[in-house]
Number of protein chains: 4
Amino acid sequence: MRADVGRFFSRHPSDVSEVAAAIDSGILDPQTIVAIMGKTEGNGGRNDFTRDLATMAFQQLLRPYFVNSDRLSRIIFSFSGGCEGVITPHWIVITVAKTPASKAEGKKSLAIAVGKTRRFRSEEVGHMAMIDETSRVVENLRKEARISRASDVHFVHVKGAIVSPYGDQVRDNMAYSRGASALGVALALHEVAPDTITDDTVLRDWQYFSSVASTSAKPGLAYSEIVVMGNSSEWDGDLSISHTVMQDIIDAASLRDLWRKNSRGKEPQSIRAIFAKADADPRHVIRGRRHTMWTDDDIADMRYARCVVGGVIASVFADTAIYVSTRAEHHGPRGGGPVAIVGQRKDEEGHVNDQ
Amino acid sequence: MRADVGRFFSRHPSDVSEVAAAIDSGILDPQTIVAIMGKTEGNGGRNDFTRDLATMAFQQLLRPYFVNSDRLSRIIFSFSGGCEGVITPHWIVITVAKTPASKAEGKKSLAIAVGKTRRFRSEEVGHMAMIDETSRVVENLRKEARISRASDVHFVHVKGAIVSPYGDQVRDNMAYSRGASALGVALALHEVAPDTITDDTVLRDWQYFSSVASTSAKPGLAYSEIVVMGNSSEWDGDLSISHTVMQDIIDAASLRDLWRKNSRGKEPQSIRAIFAKADADPRHVIRGRRHTMWTDDDIADMRYARCVVGGVIASVFADTAIYVSTRAEHHGPRGGGPVAIVGQRKDEEGHVNDQ
Amino acid sequence: MRADVGRFFSRHPSDVSEVAAAIDSGILDPQTIVAIMGKTEGNGGRNDFTRDLATMAFQQLLRPYFVNSDRLSRIIFSFSGGCEGVITPHWIVITVAKTPASKAEGKKSLAIAVGKTRRFRSEEVGHMAMIDETSRVVENLRKEARISRASDVHFVHVKGAIVSPYGDQVRDNMAYSRGASALGVALALHEVAPDTITDDTVLRDWQYFSSVASTSAKPGLAYSEIVVMGNSSEWDGDLSISHTVMQDIIDAASLRDLWRKNSRGKEPQSIRAIFAKADADPRHVIRGRRHTMWTDDDIADMRYARCVVGGVIASVFADTAIYVSTRAEHHGPRGGGPVAIVGQRKDEEGHVNDQ
Amino acid sequence: MRADVGRFFSRHPSDVSEVAAAIDSGILDPQTIVAIMGKTEGNGGRNDFTRDLATMAFQQLLRPYFVNSDRLSRIIFSFSGGCEGVITPHWIVITVAKTPASKAEGKKSLAIAVGKTRRFRSEEVGHMAMIDETSRVVENLRKEARISRASDVHFVHVKGAIVSPYGDQVRDNMAYSRGASALGVALALHEVAPDTITDDTVLRDWQYFSSVASTSAKPGLAYSEIVVMGNSSEWDGDLSISHTVMQDIIDAASLRDLWRKNSRGKEPQSIRAIFAKADADPRHVIRGRRHTMWTDDDIADMRYARCVVGGVIASVFADTAIYVSTRAEHHGPRGGGPVAIVGQRKDEEGHVNDQ
């Protein structure tokens, strides 16, 4: 198998012309697409309809290629609104293709699997039921992707269920859905010990978190959609993925470490995708100093967080095409968050050091 | 003479309690204050009244110490609204005190002078008349501060005149006032040759700029207020100033160079003030990729620019107390802007390399 | 002929389910649709993509009913972003159907015609060329709709051309396109005398205006799209249209007069559509008192204007489904704007008094 | 006694020049001031510092007139941020002066008393303790103002306590403080029966409300400040107060009734102050139609509510100087709110009908 991650740019949220051109020219085979992610220039809030617009545009583009609409419906679409600051609106098209068994010895390559949880009931969201089911699916997808070790998983994207957004279930909301999904990822990847997590852990005990999760939540979604990305010696290709955890929103040091490991001093031309999860520290303090991101009633903390972390990441990686998502409950330490890069090897030696 | 730059933090825009405490305890002598700058948590726009609030709070604090209200009125107050992202609201109190002639040989120390231009007529704003007068005053202030070379000046703050904000003069507005003021600084410091600048240069020929100017503009101000900061061997003290120019809003490389020159590998504990001028690139592109800072009708480009550059600078200097001001016409190359740091020597060798 | 105007409600900007249900149940014949207008819950600015989303949703809905895509492309879609305050998001579907010659004597009924101008060149926008061509098309559409007198026209919607949005033509922008289009309507309906209007009138001489125009402008549109609505004795049906002009944004008196003429004391259950054009008075004063709609850098004057006039109209007509569009250059007196209602006769006598 | 209510206008939130001029000219005696209310052009949210600015400006203005700073501290300052739409920034200066016993027979005149509750403990806010204490003080102030009947009270302004804004008490926050304060007013004025109200009523049982309360809440205030306004035959002067309750945010009918009662067909030149409490209906529906005021993440529901109700009231009273405050828990029916007017008699007969 061979995974590919292609980046395309848009002039507005329904502009899928670059992807269309890649299909037309034969570079991109629609049948191999397993997920399309992207950043759209909305506000990222409840009234951000740019995500719907992008989804509609891609479905309109792809429908003619799928006689079987079931197969089209298996593609995961996950668009994150909010291109604050320098973040450039872009699409990340993820494909998986079968390849002849030509795998080079030793090297690990990018491996991907996508799937869904079972449907949740409203009272399960934010509880152990969601954590366990998320964990189960992540574990299965890791195996399906033939990623041998949990530590070879570097990015798990979860679009988490919110069953009854206006219901009376206390936990059936965005924060709990994200938090429980992240803990589910942590559980699957042995980042937390099985017995330490209970219902009470969620949104309360911040010492437990995942370093590779990136979860969002969507009102009206009855199940969670999951993308697992890691490195596997059973996959082909010159792409691989690695990650770090920013300890706070201005932690460039961790980013530079990740960069050095990837680039080994070479030029940063090989990035295929950057995924980040960020938070405006909810304790109102960064490095001992007050920030005002939560007390500004004109601009949401989430817009600020994306703007800051987008700028910081772009300043280190020299790349503004960053998939940044905010509110990072149980994603790295409080106020921090995971960052993953998909990169392309440039030479014989390869740039990924975790083989 | 000895210049000092002290940083104080606020809990809200009228909170001057830390400065009051410093005065009460004898650490800060109100009579030595020549300027108070600061960042306040407003929107930085026309309806940002946090600047007025800070001014009123400081005048109320200082009035009892000044029998002669003329002397109080000579203190330059310059508050910049907008603490987007990680920027922490803070005050920068700048003092100049006479010292016995104990100057150590060779070392250059921070030197400061403040002053005002003559009053402008509305039709002079944005024209050569403003450029020449600004240049003349900057030149005089440099000499008054006994800064021997133009290249020893690292920061020139100008609060530029706008005489008749609602008048019919095409150039009597913020952009022209800032642009002409910056070119005036450039002229005084030989950053541009005297004969190259004409009325037509302003807001048009972007190859001409200052690398140390930081200009804002205030409707209703008939003259410009100017603070010149540099290093001089005739001044005392362990503070000094240095600067760089960000080539674009995510240019961390230039910041790291400046940092290395200052810290020589040591810990970043010595910063006394950070001044930056930034722009959301008006060409809608950064590093070849589209950004949306100018086409978002919910959030102004200026708020985005401060948020990004504040995050990037904080990520390099590990310090969120940054005086960031936006719209940077003729301040460094388009889309970029100057950054200056006032730092304190930590040891015998000192950390400033421009002596 | 018989015109019908139906109102449908949405739960989000791509929700066209009520229209789909009307088609499914046979109430609405897609082939008779000449225009679909609507309010979507965006910000009404440059980054309001809810209009694109609505257009895409309606085209997706209607495409199966139009073998000939040319006919589909003749339907005018005009969505106005911004449902500030009480304005409810809704669709206005306008149809024209042939009817047997059963016209009741004397009564005038709603008559509608839609069309387009020729393509404009960039340098024509905002000039007499645009005014004259707009006037010519409005005149033709009035005749095509067999509206015998200019005074029987009560609403002319123009989606005006902007040929090269980023070009260097001074007038090829929103304000000039709206202003010239409105003057074109005024010229066609004898609201201004032919010889009084010149290039210099546009955006300068505010005594000239239309009392029935409602113009917007769309970057990238090379021609203008026009909907003319009036009353004609040659049309069938129990709908008719009437209008008033608000003299300023809080002029409820004019609205109540219009209401009384329509309702003759009866209950307000017969409204089929409300169209309004409004302005935050650009002179910063309403009824002698300062307002802050133009000096608030957090919220645009246009959002405020829609919010206010939507509330005022809803408070008089007891109806929140109002198509409000802002910036009203040459639409009624400065600070004011036209308001039109399509209503349904309730009884034998009818409620329209302009027969 | 004689109460006076004067309205003054500002050019910005620290502009108290009109009030200063009235004092200078002898029209206004600072010693008679009991309260200063006003609308300032902030966002009305947590980061609205225009209220602090106005307070500081007025204290600076008044301090020289008060040798005894205790007396100055008894003046109630209550500024409400948010001049959305047509609402003009203004000050309402309320005075009470002793007069010779020349009271005309029969006529009731405006009567005012101001006071404070005892200090609350954090766990009392939002509970019966706050309701009862608020009720007790309102009752006392009514008697102090010699307003004989509860039904003669038309406006009770409460700036409610929030003791520990960041504490762990569930109810020590804005909504509970406002709700309990309003129920306290209702209790004092017999709008609710004593035994019907319990802790569980607050923010839960919406059938209980006051028709004359106008409560806000201020973090850090340990006690509540109260202004009671009504009509009394024992007071002098040609001012009086009356009120209505808007049933929803577009209920112009109730406003017109109030207007007719006051003006008896005469011109609306006699208004001295308008006080309104408004809500964006939290059920997301107005007159059966969806509104989007709570789901817009760019603009707060409170800004929308003030904008709408300000426009509607201005359109009926032809006056844009309206003190509008939002979030109206237990103030009139859900989605509605009380409106009070202080007016001046124009002739012998007087315009107030509730004598």
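Draft legend 1. Structural view of the overall build of chain A. A count of helical and extended segments in chain A gives 7 helices and 14 strands. Here the C-alpha radius of gyration of chain A, 19 Å, is about what a compact globule of 355 residues would show, namely 20 Å. Principal axes of the C-alpha set define a box for chain A whose edges measure 50 × 45 × 45 Å. Buried positions account for 64% of the 355 residues belonging to chain A. Once local pairs closer than 6 in sequence are excluded, the contacts in chain A between residues at least 24 apart make up 83%. For chain A, the computed accessible surface area is about 12,800 Å², with 48% contributed by carbon and sulfur atoms. Charge centroids of chain A, computed over 44 positive and 45 negative side chains, lie 1 Å from each other.

Draft legend 2. Quick look at the relation of the copies chain B and chain D. Rotating chain B by 180° and translating it 0.0 Å along the rotation axis places it on chain D, where the RMSD comes to 0.0 Å. Seen this way, the second copy is the image of the first under a two-fold rotation axis. Distance from the rotation axis, computed per C-alpha, reaches its smallest value in chain B at Leu53 of chain B: 2.8 Å. A symmetric contact is evident, with 100% of the interface residues of chain B recurring at the interface of chain D.

Draft legend 3. View of unusual backbone geometry. Phi at Ala318 of chain A is positive, roughly 55°, even though this residue is not glycine. Relative to the assigned elements, Ala318 of chain A resides in the loop between helix 7 (301–317) and strand 13 (322–326).

Draft legend 4. Expanded view of the side chain of Ser78 of chain C. Residues and elements named next belong to chain C. Relative to the helices and strands, Ser78 resides in strand 3 (residues 76–81). Judged by its relative accessible area of 2%, Ser78 falls in the buried class. Reaching out from Ser78, the side chain makes a polar contact with the side chain of His157 at a distance of 2.7 Å.

Draft legend 5. Representation of helix 7 (residues 301–317) of chain D within the structure. Residues and elements named next belong to chain D. Its 17 residues give helix 7 an end-to-end C-alpha distance of 24 Å, which sits within 8% of 24 Å, the value for a rise of 1.5 Å per residue. The buried fraction of helix 7 amounts to 16 of the 17 residues, a majority that puts the element mostly inside the structure. Backbone geometry just after helix 7 places Ala318 at a positive phi near 55°.

Draft legend 6. Focus on the environment of Thr244 of chain C. Residue and element names in this part refer to chain C. Of note, Thr244 is situated in strand 9 (residues 239–246). Taking C-alpha positions, Thr244 is 5.9 Å from Pro338, a pair spaced 94 residues apart along the chain. With sequence-adjacent residues up to four places away left out, Thr244 is seen in contact with Ser211, Ser254, Leu255, Leu258, Gly337, Pro338 and Val339.

Draft legend 7. Region of interest: the interface of chain B and chain D. With 12 residues of chain B at the interface, the matching set in chain D holds 12 residues. For the chain B and chain D pair, buried surface summed over both sides reaches about 1,100 Å², with 68% attributable to carbon and sulfur atoms. Considering only the side of chain B, the residues that lose the most area to chain D are Phe49, Leu53 and Met56 of chain B, jointly responsible for 49% of the buried surface there. Viewed at the interface, chain D and chain B are joined by 0 salt bridges. Here chain B is connected to chain D by 0 residue pairs in polar contact (both at pLDDT 80 or more). Residues that form the side of chain B that touches chain D fall into these classes: 5 nonpolar, 4 polar and 3 charged.

Draft legend 8. Fine view of the pairing of strand 8 (residues 225–232) of chain A. Residue and element names in this part refer to chain A. Counting buried positions along strand 8 gives 8 out of 8 residues, so the element sits mostly inside the fold. Across the two faces of strand 8 the burial is the same, with Glu225, Val227, Met229 and Asn231 and Ile226, Val228, Gly230 and Ser232 all buried. Relative to strand 8, strand 5 (residues 109–116) is paired through 8 bridges, and the arrangement is antiparallel. If you follow Val114 over to strand 8, its bridge partner there is Val227. Across 6 bridges, the pairing between strand 6 (residues 153–162) and strand 8 is antiparallel. Each bridged residue has a counterpart across the sheet, and for Val156 the counterpart in strand 8 is Val228.

Draft legend 9. Focus on the interface of chain A and chain B. Each partner contributes residues to the interface: chain A has 38 residues there, and chain B has 38 residues. Of the roughly 2,900 Å² buried at the junction of chain A and chain B (both faces included), carbon and sulfur atoms supply 56%. Among the residues chain A hides against chain B, the three largest losses belong to Arg289, Arg290 and Ser315 of chain A. Together they make up 22% of the total. Here chain A and chain B share 6 salt bridges between them. Of the charged contacts in the structure, one is a salt bridge between Arg289 of chain A and Asp319 of chain B, with a shortest N-O distance of 3.4 Å. Counting every contact that joins chain A to chain B gives 16 residue pairs in polar contact (both at pLDDT 80 or more). Contributions of two or more residues to the side of chain A that touches chain B are made by strand 1 (2–9), helix 6 (252–263), strand 12 (289–290) and helix 7 of chain A.

Draft legend 10. Summary view of the relation of the copies chain A and chain B. Taken as rigid bodies, chain A and chain B are interconverted by a rotation of 180° and an axial shift of 0.0 Å, the fit giving an RMSD of 0.0 Å. Both copies contact each other with a shared surface, as 100% of the interface residues of chain A are interface residues in chain B too.

Draft legend 11. Representation of the sheet that holds strand 2 (residues 33–40) of chain B. Residues and elements named next belong to chain B. The sheet built from 4 strands is open, its strands ordered 1-4-2-3 with mixed pairing. Since the sheet does not close on itself, it has two edges, and those belong to strand 1 (2–9) and strand 3 (76–81), each with one partner. Each strand axis lies, on average, 15° off the axis of its neighbour in the sheet, ignoring direction. In terms of strand pairing, strand 2 meets strand 3 through 6 bridges, oriented parallel. Across the sheet, residue Thr40 finds its bridge partner in strand 3, namely Gly81. Contacts from helix 1 (residues 17–24) reach strand 1 and strand 4 (90–97) within the one sheet, and its direction differs from that of strand 1 by about 135°. Contacts from helix 2 (residues 50–62) reach strand 2, strand 3 and strand 4 within the one sheet, and its direction differs from that of strand 3 by about 145°.

Draft legend 12. Representation of the sheet that holds strand 9 (residues 239–246) of chain B in the model. Residue and element names in this part refer to chain B. Reading across from one edge, 9-14-10-13 is the order of the 4 strands in this open sheet, with mixed pairing throughout. At either margin of the open sheet sits one strand with a lone partner, and together these are strand 9 and strand 13 (322–326). When strand polarity is set aside, the average angle formed by the axes of neighbouring strands in this sheet is 15°. The strands touched by helix 7 (residues 301–317) are strand 9, strand 10 (271–278), strand 13 and strand 14 (337–344); relative to strand 13, the strand with the most contacts, the crossing angle is about 150°.

Draft legend 13. Layout of the packing of aromatic side chains. Inspection of the entire model under this criterion finds 28 aromatic pairs over all chains. Summarising the aromatic geometry, the rings of Phe79 of chain C and Trp91 of chain C are spaced 5.5 Å apart at their centres and angled 80° between planes, so their arrangement reads as edge-to-face. Of this pair, Phe79 of chain C sits in strand 3 while Trp91 of chain C is found in strand 4 (residues 90–97), placing the two residues 12 residues apart along the sequence. On the accessibility criterion, Phe79 of chain C (9% relative accessible area) is buried. Judged by its relative accessible area of 0%, Trp91 of chain C falls in the buried class. Each residue in the set Phe58, Phe77, Phe79 and Trp91 of chain A is aromatic and connected to the rest through ring pairs, giving one cluster. Over the ring of Tyr323 of chain B we find Lys39 of chain B; its NZ or CZ atom is 5.9 Å from the centre of that ring.

Draft legend 14. Fine view of the confidence of the model for chain A. Residue and element names in this part refer to chain A. Here chain A averages 93 in pLDDT, while 93% of its residues score no lower than 70. Contacts for the low-pLDDT stretch residues 348–355, under 50 throughout, to residues beyond four places or in other chains number 25 contacts. What the predictor reports for the complex is a pTM of 0.95 with an ipTM of 0.95.

Draft legend 15. Examining the packing of helix 1 (residues 17–24) of chain A against helix 2 (residues 50–62) of chain A more closely. Residues and elements named next belong to chain A. In contact at an axis separation of 11 Å, helix 1 and helix 2 are set at 20° when each is read in the N-to-C sense. With respect to their mutual orientation, helix 1 and helix 2 come out roughly parallel. Here helix 1 runs over helix 2; the crossing is right-handed. Residues Val19, Ala20 and Ile23 of helix 1 form the contact with helix 2, whose participating residues are Phe58, Leu61 and Leu62. Residues belonging to the contact of helix 1 with helix 2 are distributed by class as follows: 6 nonpolar, no polar and no charged.

Draft legend 16. Structural detail: a positive patch on the surface. Where like charges cluster on the molecular surface, the positive patch consists of Arg71, Arg74, Lys116 and Arg119 of chain B. Here Arg119 of chain B falls in the exposed class, since its relative accessible area comes to 58%.

Draft legend 17. Structural view of the side chain of Arg7 of chain A. Residue and element names in this part refer to chain A. As for its placement among the helices and strands, Arg7 is situated in strand 1. Residue Arg7 is classed as buried on the basis of its relative accessible area, which comes to 16%. In terms of polar contacts, Arg7 uses its side chain to reach the side chain of Asp319, at 2.7 Å. Looking at Arg7, its side chain comes within polar contact range of the main-chain oxygen of Ala321, at 3.0 Å.

Thresholds, definitions, all that
Note on numbering: residues in each chain are counted from 1, in written sequence order. Written order determines the labels here, with chains lettered from A and ligands numbered from 1. Only residues with pLDDT of 70 or above have their local features reported here, since the model is predicted, and side-chain atom pairs are shown and tallied only from 80 upward, although totals for entire chains, interfaces and linings are computed over all residues. Only hydrogens and water are set aside when side-chain values are computed; all heavy atoms of the structure are taken into account. For the purposes of this entry, the term helix denotes a DSSP run of H or I that reaches at least four residues, the term strand denotes a run of E that reaches at least two, and both are numbered from the N terminus. Throughout, the radius of gyration refers to the C-alpha atoms, and the reference size of a globule is 2.2 Å times the residue count to the power 0.38. Partly exposed residues are those whose accessible area sits between 20% and 50% of the maximum for their type, while under 20% is buried and over 50% is exposed, using a 1.4 Å probe and protein chains only. We call two residues contacting when some pair of their heavy atoms lies within 4.5 Å. Here the open area of atoms and residues is found with the Shrake-Rupley method and a 1.4 Å probe, where only the protein chains shown may cover a residue. The convention is simple: Lys and Arg are positive, Asp and Glu are negative, and His and the chain ends are not counted. Just so you know, the charge point we use is NZ for Lys, CZ for Arg, CG for Asp and CD for Glu. Least-squares superposition of the copies uses the C-alpha atoms of those residues scoring a pLDDT of at least 70 in each of them. We call two N or O atoms a polar contact when they sit within 3.5 Å, provided that within protein one can donate a hydrogen and the other can accept it, with sequence-adjacent residues counted only if both atoms are side-chain atoms. Expected span, for any helix, means 1.5 Å times one less than how many residues it has. Throughout, buried area stands for the accessible area (probe radius 1.4 Å) lost by two parts on being put together, summed over both. In the sections that follow, a salt bridge refers to a side-chain nitrogen of Lys or Arg positioned within 4 Å of a carboxyl oxygen of Asp or Glu. Lys, Arg, Asp and Glu make up the charged group, whereas Ala, Val, Leu, Ile, Met, Phe, Trp, Tyr, Cys and Pro make up the nonpolar group; the residues left over, Gly among them, are polar. What makes two strands pair is DSSP finding at least two bridges between them. Angles run from 0 to 180 degrees between N-to-C directions of axes, and those axes are lines fitted to C-alpha atoms, restricted for helices to the stretch in contact. Aromatic pairing here means that ring centres of Phe, Tyr or Trp (its six-membered ring) are within 6.5 Å. Orientation follows from the plane angle: under 30 degrees is stacked, over 60 is edge-to-face, and everything else is tilted. Geometrically, a charge over a ring is one whose NZ (Lys) or CZ (Arg) sits within 6 Å of the ring centre while staying within 35 degrees of the ring normal. For every residue, the predictor assigns a confidence score, pLDDT, that lies between 0 and 100. In these notes the angle categories are as follows: under 35 degrees is roughly parallel, over 145 is roughly antiparallel, 65 to 115 is roughly perpendicular, and the rest is oblique. By definition, turning the near helix anticlockwise from the far helix through less than a right angle yields a left-handed crossing, and turning it clockwise yields a right-handed one. Patch membership needs two things, relative accessible area over 30% and no salt bridge, and members are linked within 9 Å if like-charged or within 5 Å if nonpolar (Val, Leu, Ile, Met, Phe, Trp, Tyr).

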